Amino acid sequence: MKSGSNPQRVSMSPPLLEVEGLTKHFPVTIALFPRRQIGWVKAVDGIDFAVDPGETLGVIGESGCGKTTTSKLILLQEGPTSGAIRFDGEDIAGLAGPELMRYRREVQVVFQDPYSSLSPRMRVGEIIAEPLQIHTDLSRAAQQERVAEVLDLVGLRPEVAALFPHEFSGGQRQRIAIARALVTNTRLIVLDEPVSALDVSIRAQIMNQLEELQARLGVSYIFIGHDLATVAHISHRIAVMYLGQIVEMADSLELCEKPLHPYTQALFTAALPAHPDDKREKLTISGEVPSALSPPSGCRFHPRCPKAMSRCAVDAPERKEVAPGHSVACHLY
Amino acid sequence: MQPLLEVTNLETHYVSFGGARVIKAVDHVSFTLNEGETLGIVGESGCGKTTTCLSIVGLLPPAARIVGGRIEFAGKDLAQLSQSEMRRVRGAQIAMILQDPMVSLNPLFSIYTQVAEPAYYHRSIRGRSLRQRVRQLLDAVRIPSPAQRMREYPHQMSGGMRQRIVGAIALAGGPRLIVADEPTTNLDVTIQAQYLDLLKELQQETGVAVIFVTHNLGIVARMCDKLAVMYAGKIVEAGAVRDLFNSPQHPYTKGLLGSMPKLGSKEKLFAIPGQPPDLASLPSGCAFHPRCTEAMPRCSIEEPGEIRVQSAKGLDVAAAVGS
Amino acid sequence: MVSLSPQTSAAAAAIGRPPIAWLSQFRGLPLLPLAILVPFVLIAVFADYIAPYDPTEPVAGMKIFIPPAWMQGGDIRVLLGTDFQGRDVLSRLIFGARVSLIVGVMGTVVAGGIGTALGILAGYLGGWADLVIMRLTDAWLALPALVFAIFLATMVGPSMWNIIIILGLVYWTRYARVIRGEVLSLREREFVKLAEIAGASSTRVIRRHILPNVLNSAMVLASLTIGVVIIAEASLSFLGVGVPPPEPAWGSMLADGRSMLMVGAWWLTVLPGLCIMMVVLATQLLGDWLRIRLDPQLRNL
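Cut-offs used in this document
Residues numbered from 1 in each chain as written. Chains lettered and ligands numbered in written order. Predicted model: local features only at pLDDT ≥ 70, side-chain atom pairs only at ≥ 80, totals over all residues. Helix = DSSP H or I, 4+ residues; strand = E, 2+ residues; numbered from the N terminus. Buried ≥ 20, exposed ≤ 12 C-beta atoms within 10 Å, placed from the backbone. Contact = placed C-beta atoms within 7 Å. Nonpolar A, V, L, I, M, F, W, Y, C, P; charged D, E, K, R; others polar. Pairing = 2+ DSSP bridges. Right-handed = clockwise from strand over helix to strand, strands pointing away. Axes fitted to C-alpha atoms, helices over the stretch in contact; angles between N-to-C directions.

**Regarding the overall build of chain B**
- When its secondary structure is counted, chain B shows 11 helices and 12 strands.
- Dimensions of chain B along its principal axes, counting C-alpha atoms only, are 70 × 50 × 40 Å.
- Per-residue burial over chain B gives 50% buried out of 323 residues.
- Sequence-distant contacts, at least 24 apart, represent 63% of the contacts inside chain B between residues at least 6 apart.

**Some words on the interface of chain B and chain A**
- Contact residues are listed per partner, giving 37 residues for chain B and 35 residues for chain A.
- Per-element tally for the side of chain B that touches chain A: the top contributor is helix α8 (residues 189-206) of chain B, with 7 residues.
- Considered class by class, the residues forming the side of chain B that touches chain A number 16 nonpolar, 13 polar and 8 charged.

**Topic: the pairing of strand β7 (residues 188-192) of chain A**
Residues and elements named next belong to chain A.
- The element β7 is extensively covered by neighbouring structure, given that 5 of its 5 residues are classed as buried.
- Here β7 shows no split at all, with L188, V190 and D192 on one side and I189 and L191 on the other all buried.
- With 4 bridges connecting them, strand β6 (residues 107-110) and β7 associate as parallel partners. Bridging from a neighbouring strand, V107 pairs with L188 of β7.
- The pairing of β7 with strand β8 (residues 220-225) spans 5 bridges and is parallel. Considered in β8, the bridge of L188 is made with S220.
- In this fold, the crossover linking β7 to β8 by way of helix α6 (residues 200-217) has right-handed handedness.

**Let's talk about the sheet that holds strand β12 (residues 326-328) of chain A**
Residues and elements named next belong to chain A.
- Read across the sheet, 8 strands follow the order β6-β7-β8-β3-β9-β10-β12-β11 without closing on themselves; strand pairing throughout is mixed. Two strands lie at the open edges of the sheet, namely β6 and β11 (320-323), each paired on one side alone. Across this sheet, the average inter-strand angle for adjacent strands is 25°, counted without regard to direction.
- Along the sheet, helix α5 (residues 170-182) makes contact with β6 and β7, crossing β6 at roughly 175°.
- Helix α9 (residues 262-270) contacts β9 (237-242) and β10 (245-251) of the sheet and is inclined by roughly 105° relative to β9.

**Thoughts on the interface of chain A and chain C**
- In this complex, chain A contributes 29 residues to the contact, which on the side of chain C involves 21 residues.
- Those elements that provide at least two residues to the side of chain A that touches chain C are α2 (97-106), β6 and α3 (124-135) of chain A.
- Counting residues per element, the side of chain A that touches chain C draws most heavily on α3 of chain A, at 4 residues.
- For the side of chain A that touches chain C, a count of residues per class yields 11 nonpolar, 10 polar and 8 charged.

Right, dumping it as structure tokens:
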């Protein structure tokens, strides 16, 4: 597919990150001798999207939808089976040497669990300075200065650099993780459920902080989450994933107003109300997400879909644009 | 009518080794729950909501002790019962659903054994009727083909199904009260919705009362009749769910509601500043005052008493502001 | 808005669970093992000043097999008696402590060094490196340790430093296994992934993130290995392939005194045996204490 296959993008500037036909299949083996392969898990199966500079793309889906594998592919923790990820127009699969280091410097990640993502034996200052030590030859003093700068950006005092992670609460740790992700003038941060593990009152702090940082620094986010309200709040555009595929993609407000794909609609019905008087329809989908090892034929959602037609079981729908910037993979449209 | 559960001035403290440090995890908590009602207890980690529940079901860790107050359940004070008396109440009349179904189920026993156990012990059902009962229970929690499933083991089931099994175990003894501690936290969104719907239906069928412990106000909005908001071991506001959502009085409740992202709105979230306090060294006066946007000088000195708010009927608030 | 007080946030994190974790810092030092080990270490270090006689030469004017001073026929000048060559048993025990502790500690260091390095390589690199190292470990474990040590000792000839290297080569397998397991789980921790995503090289990840986090386990294992190594050294010396005579070693003292046990010269065997037992017991107790202190899994118990 050509770059024109990302019709969602409204802006004309070149995208920062472009994903095309990205596919990751994991072999499934049983531990016999010799090892026997019994199939493939199609964790990610041909997804396309693009992220513009300064934009937040939300990726939402339930467990097994492939959102975590997607983030691993972008972070070069896994190699794709096929398809391409382009950063600044360049395929990251071919990166080596200084180019690879540049990518490593400009793309960072914040994980869900702030207790596991900070090394317990390093001081906060060392943790934040690590990317600087890898990518720059700044003096110790210059490093400390930069660390103080990013600590200030995330609303922490410079003195905390001397402390160890266990002296902080979850929200503060997540701020430290964000500071570390920002320290090398990062251009894209993958936020992998960054607020799911935090207390309610702290979640809003971190979300506001992230939005503020984006407005100030122009950094792009890929925000991965499972809570519709949270993802919709922070994202400009949202990609809804189901069993390794993007089933719908739209501007976040448009998606909230007019969800088209039956799965997206089900997610909205399942979303918890903000008020006891919010009208709610009865959840129409039943059952659980099938195993990615043997996904259903045709449209992968059809066994759970309340609106399934006979062709859905045979014919896999292509994702097509139904309104400017709004695409959906469903035979209904 | 006599309420099913009446908790009065409950105090549960964690006492450190040698008594050097006392943490007041639950500090003068009172609430009532009627037959068939659902109470939501909301708060952040360390606010004492879980300890409150563990006090009710009598499963406190060794370091924790109920030091005051009454837990009157169906005319008995649970706080005074011995371990063995409590065992007879638990499972038969009060059941508990925990957050992680993986931990709640024993991987070595079949589904049948685990669901049958409370019915066997507490209702003395045996033999064929026990099998019948288990099948009914699995049916009730929407487990497909229960006759076959009850021979299986926990690892053969998905997370959503396991949590429904835990629900079946909770129902097996025919309880009058179920205490559910964040039962859907580990479930996917659509599975969570299915589970909540199921709980609601079961509650309507059996008339069991439910205490829902959660940090998620959305669950409260969907499930509960009454709500108690806890902060630093105390209930800071309590009342009917609708009243609390419509006109929250305590600044903490207002903050919690403001920090919930709303679908289709990009409005900046209201973030309560600061961190939840350390229960071992609480701020003076009102424990919330350092984070409160409406704090006054007296808030750091005086602990606010309980006030009944006049405007909305049946709403209890403990707040010094606006009084 | 951010509280800087360390106790505040640390304790806040501890509230959900019973506040027992912090108790460990009040738990006292391990008095019994220290009461045994500290004197032995001091004696080993200052053996030259403490020992009344040269341990390798007969005491001038003393008969052989003099019993300890408090027994009939004992002599106050040789407190614990003399051996078959008329050497002072006390002096030999004192210098023997030096041999035992040096071999115990250094053997453990060698074993720990080899095992930790291989364990980290196997765990972090995975794949072929893991396969080869772990099969090697399995094969090594299948060798009967002591027989293997005797074999090596007869090959290279007896000397204290040879014994240290041999015992290191025999006892590294435990480290390799435990450390590899730790590294396997550490490798999945998010802070290690973050370092990799930030572009850190394998050496950097191992040095900055893996090694500091396995050191605790290595320390615990080491404290438990010292005793084993001391016993192994004593066994080798007992069998005559250890520290060469006339250098005093507890194991060879046992061997020397063995034949005299029948005729009642118990002090020649019981005293070195007691020393071995006390030191090994103390190191094991210290190891248990360290494990509880340093192992995060056990610390909360």
